[in-house]
Amino acid sequence: MILVFLGPPGSGKGTQAKRLSSQRSWPQLSTGDMLRAAIQAGTSLGREAKSFMDQGALVPDSVVIGLIGERVKQADCASGFILDGFPRTIPQAEALDQLLTGLGRQVQRAVLFEMPDSLLVGRLSGRRTCPQDGSMYHVESARPRKDGVCDQCGTALIQRPDDHEEVISNRLKVYHRQTEPLVGYYRERQLLRPIRADQGLDQVSQGLAEVLK
Ligand code: AP5
């Protein structure tokens, strides 16, 4: 199954994509993670992306379309994959449809993680991430066993540069302006499946399982 995870920053797309990926063996294709890996590796793509990401703006469509275009052709995507944070604009969605059509495939569901902005700020400002293995924590709702240290690999946790409050408000504006139109795009194609994301982790997973039946 090919899934699109759509929703505002901090609504839990990445957390649920990781859970689902481990249950169903569909890889999580996160353009955010791919771009952060490029930044860490110091590539020219990473340097270009950083200037947009640090301000909470979107990276140009051509960059992310190129990344996804390469990734979906890899062998581990054969039985399905989860697009986490892509597409984020109408041109990205159109490019995805074109790409998949060329491969004889199509998106089966676009899951919309619904959550009010007022709750998202707390989710994002409290998030802590492991720079080594990508594990995610939250200072209140998902605390590591030892403060500030990854449970899996013992690496010191970091706060993403775009998870500071001044950048968060811009990311939310960008979401409403540039990404929310995709709700209509997928609704028209009868692929949209909204779920309530303002619940506990297991309840959100349960809501997700329901819409995948
Ligand atoms: P990206 O990395 O995709 O960030 P995002 O979409 O803003 O989403 P987040 O990762 O912030 O949130 P999430 O919904 O995954 O929530 P999470 O599960 O982490 O993109 C970053 C940047 O890259 C963009 O701003 C842009 O510049 C660029 N970019 C990426 N893709 C692009 C594209 N396609 N086009 C152009 N530019 C692109 O959860 C958040 C926190 O909440 C965590 O701490 C978690 O532990 C906690 N939490 C999760 N679920 C629950 C729950 N149910 N209850 C309590 N706490 C919870």
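To be clear, the structure that these remarks concern was listed above.
Because the structure is predicted, anything quoted here is derived from the model rather than measured. Residue indices follow the written sequence of each chain, beginning from 1 at its first position. pLDDT decides what is reported in this predicted model: residues at 70 or higher carry local features, side-chain atom pairs at 80 or more are listed and counted, and totals for whole chains, interfaces and linings draw on all residues regardless. Side-chain measures here rest on the full set of heavy atoms in the structure, leaving out hydrogens and waters.

Caption draft 1: A look at the site of the ligand. Whether a residue is near a molecule or strand depends on its heavy atoms: it is near if one of them lies within 4 Å of it. The full set close to the ligand counts 35 residues, and Thr15, Ala57, Arg88, Arg127 and Arg171 are the nearest of them. Between N or O atoms, a polar contact is any pair within 3.5 Å; within protein, one atom must be a potential hydrogen donor and the other a potential acceptor, and residues adjacent in sequence are included only when both atoms are from side chains. Between threonine 15 and the ligand, the recorded distance is 2.5 Å, taken from a side-chain N or O atom to an oxygen atom. Backbone polar atom of glycine 85 to a nitrogen atom of the ligand: 2.9 Å apart, as the coordinates give it. Surface accessibility follows the Shrake-Rupley procedure with a 1.4 Å probe radius. Residue values consider only the protein chains on display as shielding. Protein contacts shield 95% of the accessible area of the ligand, which totals 1000 Å² for the unbound molecule. A helix here means a DSSP run of H or I that spans at least four residues, while a strand means a run of E at least two residues long, and both kinds are numbered starting from the N terminus. Taken together, the elements giving at least two residues each to the shell around the ligand come down to helix H1 (13–24), helix H2 (31–41), helix H6 (117–125), strand E6 (136–138) and helix H9 (201–212). Partitioned by chemical class, the residues of the shell around the ligand number 14 nonpolar, 13 polar and eight charged. For this scheme, ten residues count as nonpolar: Ala, Val, Leu, Ile, Met, Phe, Trp, Tyr, Cys and Pro. Four count as charged, namely Asp, Glu, Lys and Arg, and the remainder, Gly too, count as polar.

Caption draft 2: Fine view of the packing of helix H4 (residues 61–71) against helix H5 (residues 90–102). Following both chains from N to C, one finds H4 and H5 inclined at 25 degrees, their axes separated by 10 Å at the closest point. Here H4 lies roughly parallel to H5, going by the angle between them. The two elements H4 and H5 cross, and the hand of that crossing is right-handed. In this structure, H4 uses Asp61, Val64, Ile65, Ile68 and Gly69 to contact H5, whose residues at the interface are Pro91, Gln92, Ala95 and Leu99. Throughout, an axis means a line fitted to C-alpha atoms (over the contacting stretch in the case of helices), and angles, computed between N-to-C directions, take values from 0 to 180 degrees. Angular relationships are summarised with four words: roughly parallel below 35 degrees, roughly antiparallel beyond 145, roughly perpendicular across 65 to 115, and oblique for the angles in between. Crossings are sorted by hand: turned counterclockwise from the far helix by less than a right angle, the near helix makes the crossing left-handed, and turned clockwise it makes it right-handed. Note on contacts: a residue pair qualifies if any of its non-hydrogen atoms lie within 4.5 Å across the two residues.

Caption draft 3: Here's a closer look at the side chain of serine 135. In this fold, serine 135 is placed in the loop between strand E5 (127–129) and E6. A polar atom in the side chain of serine 135 sits 2.8 Å from the side chain of aspartate 133. In this structure, serine 135 is in contact with Arg128, Thr129, Cys130, Cys150 and Gln152, ignoring residues within four places of it in sequence.

Caption draft 4: Broad picture of the pairing of strand E1 (residues 2–6). Here E1 lies mainly inside the structure; five of its five residues are buried. What you see with E1 is no split at all: Ile2, Val4 and Leu6 on one side and Leu3 and Phe5 on the other are buried throughout. In this description, strands pair whenever DSSP reports at least two bridges between them. In terms of strand pairing, E1 meets strand E3 (residues 81–84) through four bridges, oriented parallel. Its bridge partner lying in E3, phenylalanine 5 is registered against aspartate 84. Sheet topology places E1 next to strand E4 (residues 109–114); four bridges connect them, and they run parallel. Bridging across to E4, valine 4 finds its partner in alanine 110. Relative accessibility decides the category of a residue: with a 1.4 Å probe and only protein chains considered, values under 20% of the type maximum give buried, values over 50% give exposed, and everything between is partly exposed.

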